[in-house]
Amino acid sequence: MEKNPQALIDGFNRKVDYLRMSVTDRCDFRCVYCMAEDMQFLPRQQILSLEELYQVAERFVALGTRKIRLTGGEPLVRQGIVELCGRIAALPGLRELCLTSNGSQLGRLAQPLFDAGVSRLNISLDSLDRERFRALTRTGDLDQVIAGIDAARAAGFRRTKLNAVVLKGRNDHEIVDLVRFAIDRELDISFIEEMPLGVISEHERGESFCSSDDVRARLAEHFTLIESAESSQGPARYWRLAEAPNTRVGFISPHSHNFCATCNRVRLTVEGRLLLCLGNEHSVDLKQILRQHPGDRERLEQAIRDAMQLKPYRHHFEVGGEVQILRFMNMTGG
């Protein structure tokens, strides 16, 4: 392990070197597993400014963070996002600046993002059927997203990863087609178990749950899966395909195979809360420090250090039953 006297270590001796930052709660989609159809977004003064986001990123990198992922909502609807990416990407010591997107804006922004120094993209794609895609996203245009995926490849992005949330009875029959789509474009793909964040009425999460084991078993009927020790520093567990050496298949399994023991991540919510665990409410208000003590890097750094001791060992997601975490995913960052 790299020695860094500034490294962030939590109370369970886990090194925290990955920060996920939500830059906006707004999105041009309304995905059924992510948010309510009629969302109320935060007033702009309640969310962190671009300068505040940069200040947090700068302190985290100074404290040993090696990977930052910008998320939303949809990060590409935030004005000034390309300039923010350029500033963060230039921080000395940062190895990777990644971005998660729904793909809708990549047709016009893929090249500027690549030129700004963004290392890799994750793009959400839950269906290859236009009508089903529209139903799952409520507002999304599949052709626009596919054009964005192709624009990312043309811009020079490599190791782009598709993310698909699998819902039983909705899109689970498309698993093989999604993998073949990834193979055709030399992309990676991860299948994600739905996370119980926010109260939704569109479907019953217990009934729609599809485990990673089920997905992998179905894929094994069509592909030769080879377990891999590769890591992208995130929660996905990867498998290689004997038939397609340029594509990895990942599984993100917060329910069936939780990844808490090796968790190296913290999240900054759009309103400036440093969230120590996706499935718990342990957090520290960094916005208060940024606004009450502007420019005080030492105070901000100390708050980040102290927060590490609040990081719990694990989450306790349940497939059925009452929702324990009321915030929606767009508030947390995907």
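Each chain has its residues counted from 1, running along the sequence as written. Residue-level local features of this predicted model are given only where pLDDT is at least 70; pairs of side-chain atoms are given and counted only at 80 or more, and the full residue set underlies all totals for whole chains, interfaces and linings. Hydrogens and water molecules were not included; the side-chain quantities draw on all heavy atoms of the structure.

## Things to note about the overall build of the protein
Line of reasoning, step 1. Put simply, DSSP H or I for four residues or longer makes a helix, DSSP E for two residues or longer makes a strand, and each gets a number counted from the N terminus. Within the protein, the regular secondary structure consists of 11 helices and 14 strands.
Line of reasoning, step 2. Three exposure classes are used, based on accessible area relative to the maximum for each residue type with a 1.4 Å probe and protein chains only: buried under 20%, partly exposed in between, and exposed over 50%. Out of the 334 residues belonging to the protein, those deemed buried represent 58%.
Line of reasoning, step 3. The criterion used for residue contact is that any of the two residues' heavy atoms lie within 4.5 Å. Taking the contacts inside the protein whose residues are at least 6 apart along the sequence as the reference set, 74% of them involve residues at least 24 apart.
Line of reasoning, step 4. A total accessible area of about 14,100 Å² is found for the protein, and carbon and sulfur atoms account for 48% of it. Computed with a 1.4 Å probe, the accessible areas rest on the Shrake-Rupley method; for each residue, only the protein chains presented here act as cover.

## Here's the deal with the nonpolar core
Line of reasoning, step 1. Buried residues of nine kinds, namely Ala, Val, Leu, Ile, Met, Phe, Trp, Tyr and Cys, make up a nonpolar core once their side-chain atoms join them within 4.5 Å. One finds Ile68, Leu70, Ile88, Leu113, Phe191, Leu219 and Leu286 to be the most contacted residues of the largest nonpolar core, which totals 93 residues.
Line of reasoning, step 2. For this core, the element with the most residues is helix α5 (residues 142–155), which contributes 7 residues.
Line of reasoning, step 3. Those residues within four positions of Leu219 in sequence are excluded, and the remaining contacts are Ile175, Val176, Val179, Phe191, Leu225, Val249 and Phe251.

## Structural notes on the UniProt feature "binding site: S-adenosyl-L-methionine" (unreviewed entry) in the protein
Line of reasoning, step 1. Feature annotation in UniProt assigns "binding site: S-adenosyl-L-methionine" (unreviewed entry) to the following positions: Tyr33, Gly73, Ser124 and Met195.
Line of reasoning, step 2. Summarising the element assignment, Gly73 is placed in the loop between β4 (67–71) and α2 (81–89).
Line of reasoning, step 3. Overall, Gly73 belongs to the partly exposed group, its relative accessible area being 22%.
Line of reasoning, step 4. Looking at the secondary structure, you find Ser124 in strand β6 (residues 120–124).
Line of reasoning, step 5. Excluding residues within four positions of it along the chain, Ser124 makes contact with Ser101, Asn102, Val145 and Asn163. UniProt positions are given in the numbering used here, feature names are shortened, and annotations may be inferred rather than shown by experiment.

## Brief notes about unusual backbone geometry
Note on backbone geometry: most residues besides glycine have negative phi, and most peptide bonds are trans.
Line of reasoning, step 1. Looking along the chain, the bond that leaves Gly72 and enters Gly73 is cis, with omega of 15 degrees.
Line of reasoning, step 2. A positive phi angle is found at Arg138, which is not glycine, with a value near 65 degrees.
Line of reasoning, step 3. In this structure, Arg138 sits in the loop between α4 (130–137) and α5.
Line of reasoning, step 4. For Glu186, which is not glycine, the phi torsion reads 55 degrees and is therefore positive.
Line of reasoning, step 5. Its location among the elements puts Glu186 in the loop between α6 (175–184) and β8 (188–193).

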